[in-house]
Amino acid sequence: MKLYFIALLPPQEIQDYANQIKQYFADKYASSHAQKSPPHITLQPPFEWADTDIPLLEEHLTTFASCQNSIPITLNGYAAFIPRVIYIDVVRSHELLTLHQNLMSYLETNLEITDKVGKTRPFVPHMTVAFKDLTRQNFKAAWPEFEKRQLHFEFTASVLTLLAHDGRRWNIKSEFPFMGRE
């Protein structure tokens, strides 16, 4: 069994920007855990899946993605899950919320993959830049610096990405283009 998660990844230039912010947190606030994955918006949090069943998972993700339309994504400023997480805020659009809900339903119905925690709280799309090893003290120092910091990016998400954990970090395993017709 290996850990996987499903996400939307922004274009490379936005990933580069987010990675610079992650490096800043590593250098200034000793928080480097966010560097263990590419910048992303999680749609399905980590779940265990047998390596031998990856073709089945990929087949279902191909089927799901083939029916989806590309969606607009807006990143706007920073936000936090107090007291340990700082992230780039993702605007909760109707399209993004619908994609998330449809994916959750599809995975649960077809593969019995369920996000038990996600069922108990609303979906808050975000792109984490510091968490886990960000101490409460460093959060209190960093948050005033980022709370009002300006950031604005817009892009079109047209690919679903499956990431796999190799024991140290998350890596892209496969990608599934959205093929729906507008």
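Preceding this paragraph is the structure being described.
Scope of this entry: the structure provided in the associated data block. It should be emphasised that the depicted structure is a prediction, and the values quoted were computed from it without experimental measurement. (Residues numbered from 1 in each chain as written. Predicted model: local features only at pLDDT ≥ 70, side-chain atom pairs only at ≥ 80, totals over all residues. Heavy atoms only, no water.)

As a further point, take the packing of aromatic side chains. Here the structure, examined in full by the defined rule, presents 13 aromatic pairs. Ring centres of F81 and Y87 lie 4.6 Å apart, and the angle between their planes is 40°; this geometry places the pair in the tilted category. Three or more aromatic residues joined by ring pairs make a cluster, and in this case those are Y24, F25, Y29, Y78 and F146. The ring of Y24 has R149 sitting right over it, with the charged end atom 5.9 Å from the ring centre. The aromatic ring of F146 is capped on one face by R149, whose charged end is 4.1 Å from the ring centroid. (Phe/Tyr/Trp six-rings, centres within 6.5 Å; stacked < 30°, edge-to-face > 60°. Lys NZ or Arg CZ within 6 Å of the ring centre and 35° of its normal.)

This part is about the sheet that holds strand β6 (residues 152-157). Strand order across the open sheet formed by four strands is β5-β4-β3-β6, with antiparallel pairing between neighbours. The sheet is open, and its two edges are formed by β5 (126-130) and β6, each paired on a single side. Between one strand axis and the next, the sheet turns through 35° on average, direction left out of account. Bridge analysis of strand β3 (residues 71-81) against strand β4 (residues 85-90) gives five bridges, and the strand direction is antiparallel. Paired with Y78 across the strands is I88, a residue of β4. Against the sheet, helix α1 (residues 12-29) contacts β3, β4, β5 and β6, and its axis sits at roughly 35° relative to β5. Set on the sheet, helix α3 (residues 94-111) makes contact with β3 and β4; between it and β3 the angle comes to about 90°. (Pairing = 2+ DSSP bridges. Helix = DSSP H or I, 4+ residues; strand = E, 2+ residues; numbered from the N terminus. Axes fitted to C-alpha atoms, helices over the stretch in contact; angles between N-to-C directions. Contact = heavy atoms within 4.5 Å.)

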